[in-house]
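Examining the three-dimensional arrangement
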Amino acid sequence: MPVHLTPAQLTALTVLAVASVVWLLVLTRILRRMRARAAAHAALYAVPVLPARPAALPVPRNRERTGPHRENVELTVAEEDAFAGLVRRLGDGR
């Protein structure tokens, strides 16, 4: 028993130490119980997971082209000049 502590102080210190240990034990037990209930709840209401897709799907060979067909239009000399002027004018605005 320390010499500089009165019996009341020593008793209070002992009670506080015991209360702290009991508080830690009860808190640990409550948290473990909550974790077990949460795991059971999650397992009960779990959403099914879709299976993973394969990394690479096979590409079909000899496939016909889909989409619109390409069109070719012959331009006159005046249309070509007008188009070239348009490209130059839009290119200068950068």
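Data block above holds the structure.
For clarity, every value in this text was computed on a predicted model and none was experimentally measured.

Rules behind the numbers
- Residues numbered from 1 in each chain as written.
- Predicted model: local features only at pLDDT ≥ 70, side-chain atom pairs only at ≥ 80, totals over all residues.
- Heavy atoms only, no water.
- Helix = DSSP H or I, 4+ residues; strand = E, 2+ residues; numbered from the N terminus.
- Buried < 20%, exposed > 50% of the residue type's maximum accessible area, 1.4 Å probe, protein only.
- Patch = residues over 30% accessible without salt bridge, like charges linked within 9 Å, V, L, I, M, F, W, Y side chains within 5 Å.
- Areas by Shrake-Rupley, 256 points an atom, 1.4 Å probe, with all protein chains shown as cover.
- Salt bridge = Lys/Arg side-chain N within 4 Å of Asp/Glu carboxyl O.
- Lys, Arg positive; Asp, Glu negative; His and termini not counted.
- Charge placed at Lys NZ, Arg CZ, Asp CG, Glu CD.
- Expected span 1.5 Å × (residues − 1).

With that out of the way, let us pick up the overall build of the protein. When helices and strands are tallied, the protein shows two helices and zero strands. Counting every position in the protein, which comprises 94 residues, the buried fraction comes to 0%.

Once that is clear, we can look at a negative patch on the surface. On the surface, E74, E79, E80 and D81 cluster together into a negatively charged patch. The residue E80 is located in helix 2 (residues 77-92) in this model. Under the relative-accessibility criterion, E80 is labelled partly exposed at 46%.

Taking 1.5 Å per residue, 16 residues should reach 22 Å; helix 2 reaches 23 Å between its end C-alpha atoms and fits that length. In terms of residue burial, helix 2 counts as a barely covered element, since only zero of its 16 residues are buried.

A contiguous nonpolar patch, built from V18, V22, W23, L24, V26, L27, I30, L31 and M34 and spanning about 840 Å² of accessible area, is present on the exposed surface. Following the sequence through the fold, V26 ends up in helix 1 (residues 7-44).

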